[in-house]
Amino acid sequence: MHRDLNDIIPPSRRRSIDTMGEMRPNPQPSPSPLMDMRPPTQTPVEHVEEPAPLQALPPMPVIRTSRFGNGGGRFPFATALVAVVVVVVCGGILFALAGAKVTIVPVASSATIQSDMMATAGTGDLPFQIVTVTKTATANVPAESTLTANDPAQGKISITNSQTKSQALIKNTRFQTSAGLVFRIRDSVSIPAGGTISTMAYADTPGDKYNIGPSTFTIPGLQGSSAFAQVTAKSDAPMTGGFSGTRPSVSQATKDKQYADMQSKLSADLAKDLGAKIPSGYLLIPGASFTTFTPDTDAAGASGTVTLSEDGSVSAVVFPADALGRAIAFKSVGTYGGQPVTIKSAAGLTVKPAQATIASDAASFDFNLSGNTTIVWTVDMSKIAAAVAGKSRDSAEVALKSFPEVDKATLVLRPFWSSTFPGDPAKIKVLIADPSAAK
């Protein structure tokens, strides 16, 4: 079968070729007689370009459908998990911040005092306690000479009275060890009922045989009475300093210098230990303490030295801050009506005792109190919580205005959309702010 050019060229290229043929002039010459003279075997052939190979089209994307939507083949678990975590975290934060808090600034009043007062031991409107601390300092100094000495051993003993009444012991009362060694006290003492005191005891005679370790003592003067078994004594440290013979010595000027240095060290140590022994809720006012220093007997030291030692003792009168605050308020705050108050610091106050010393069993303490302080009204946190429990913010503010000890109150409810305090007072946090810091 005869095939022409249209049978060879694909349909996609026919249009372009036909178009080009229409635009180009026909290159074939017009017929002439000379063309009839070509040999019959030379048939005119028109040059035809080979068609371009067909290019395969890219594969069509496969679009899958899902019962969860047309976006993908699987449920977006990762996105959902992140969303759940965010919700949980936000909920946890809101839960952590949830709560009710009331911050109270109590009423405070400045007070200036200049008044004579009397405190009583343990009871009364203004009670007091006595806190005692004792320490010993020693120093070894080169010997400057020798001397003949007859020194008694000495040491501190603790006397305990288990009776229901106090027990007085006179000067030179004897204390005897189980080995028959006798020591004496040089000052009268009184041991309160059920109490214990400490005092110095000295060997009855000089000599180193009285340099003994910690011991227990009986009191021969009480023998034959029920007090003999109920009043006892013991030493927690060795008795030292007993000597009879010739020993190294130093001049009085050297002793005085060493004692002054030891007193300076003892004063710092006593003050530090005293501060640690003050009971919670009590205050020590400057001037309400009594310090004594007692040189001990010289002793021969090693390698031609003399051992000097000195005992330091401080007895301080301390007052409950609440009772002291009331006593000052009654005398210096005209509007005070007996409400619970306290003072935070005794730094601006000074005590001038009526006596030079105070006995460990003193029943009263007379003094003059002067200076400036701040009286702070006491706030009962449990009453504040109970007053606002179950109330709206506005109702709680009204309720707190009925407390004369409250100067200012700040109410906080969380989350921010909460409008009512919890009904359980235990779930309400109450804080007391420092009045001086709140201004």
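Refer to the structure presented above.
Analysis parameters
- Residues numbered from 1 in each chain as written.
- Predicted model: local features only at pLDDT ≥ 70, side-chain atom pairs only at ≥ 80, totals over all residues.
- Heavy atoms only, no water.
- Helix = DSSP H or I, 4+ residues; strand = E, 2+ residues; numbered from the N terminus.
- Salt bridge = Lys/Arg side-chain N within 4 Å of Asp/Glu carboxyl O.
- Buried < 20%, exposed > 50% of the residue type's maximum accessible area, 1.4 Å probe, protein only.
- Arc of directions from axis to C-beta.
- Contact = heavy atoms within 4.5 Å.
- Phe/Tyr/Trp six-rings, centres within 6.5 Å; stacked < 30°, edge-to-face > 60°.
- Lys NZ or Arg CZ within 6 Å of the ring centre and 35° of its normal.
- Pairing = 2+ DSSP bridges.
- Axes fitted to C-alpha atoms, helices over the stretch in contact; angles between N-to-C directions.

Regarding the environment of Val 107
And step 1. Take Val 107: it is sitting in the loop between strand 1 (99–106) and strand 2 (108–121).
And step 2. For the pair Val 107 and Val 406, spaced 299 residues apart in sequence, the C-alpha to C-alpha distance is 5.6 Å.

Considerations on the pattern of salt bridges
And step 1. Inspection of the entire model under this criterion finds six salt bridges.
And step 2. When the shortest N-O distance is used, the salt bridge between Asp 261 and Lys 257 registers 3.4 Å. Highlighted residues: Asp 261 and Lys 257, both in helix 5 (residues 252–277), separated by four residues, approximately one helical turn.
And step 3. Judged by relative accessible area, which is 41%, Asp 261 ranks as partly exposed.

Let's talk about helix 8 (residues 393–400)
And step 1. Taken together, the buried positions of helix 8 are occupied by Ala 396, Ala 399 and Leu 400. Buried residues of helix 8 fall within an arc of 95° about the axis and therefore sit on the same side. Seen from the open side of helix 8, the exposed residues pointing more than 90 degrees away from its buried face are Asp 394 and Val 398.
And step 2. Contact partners of the buried residues in helix 8: strand 1, helix 7 (381–388) and strand 20 (406–414).

Regarding the packing of aromatic side chains
And step 1. Under the counting rule described, the total for this entry stands at nine aromatic pairs.
And step 2. Considering the side-chain rings of Phe 319 and Phe 365, the 6.4 Å spacing of their centres and the 40° angle between planes classify their relative orientation as tilted. Of this pair, Phe 319 sits in strand 16 (residues 305–320) while Phe 365 sits in strand 19 (residues 364–377); the two residues are 46 residues apart in sequence, bridging distant segments of the chain. Both residues of the pair, Phe 319 and Phe 365, count as buried.
And step 3. Plain terms: the ring middles of Tyr 336 and Trp 377 are 6.1 Å apart, the flat faces sit at 75° to each other, and that makes the pair edge-to-face. You can see Tyr 336 sitting in the loop between helix 6 (321–332) and strand 17 (341–343) and its partner Trp 377 sitting in strand 19, a full 41 residues away along the chain. With respect to burial, Tyr 336 and Trp 377 carry one shared label: buried.
And step 4. Members of the aromatic cluster, each reached through a chain of ring pairs, are Phe 128, Phe 290, Phe 319, Phe 365 and Phe 367.
And step 5. Taking the ring centre of Tyr 202 as reference, the NZ or CZ of Arg 186 above it sits at 3.5 Å.

Regarding the sheet that holds strand 1
And step 1. Read from one edge of the open sheet, three strands run 20-1-21, paired in mixed fashion. With one partner strand each, in any of the chains shown, strand 20 and strand 21 (428–432) form the two edges of the open sheet. Taken pair by pair, the neighbouring strands of this sheet meet at an average axis angle of 20°, ignoring direction.
And step 2. Of the pairings in the sheet, the one linking strand 1 to strand 20 comprises eight bridges and is antiparallel in character. Its bridge partner being in strand 20, Val 102 is matched across the sheet by Leu 411.
And step 3. Here helix 7 sits on the sheet in contact with strand 1, strand 20 and strand 21, set at roughly 135° to strand 21.
And step 4. Those strands touched by helix 8 are strand 1 and strand 20, and its axis lies near 160° from that of strand 20.

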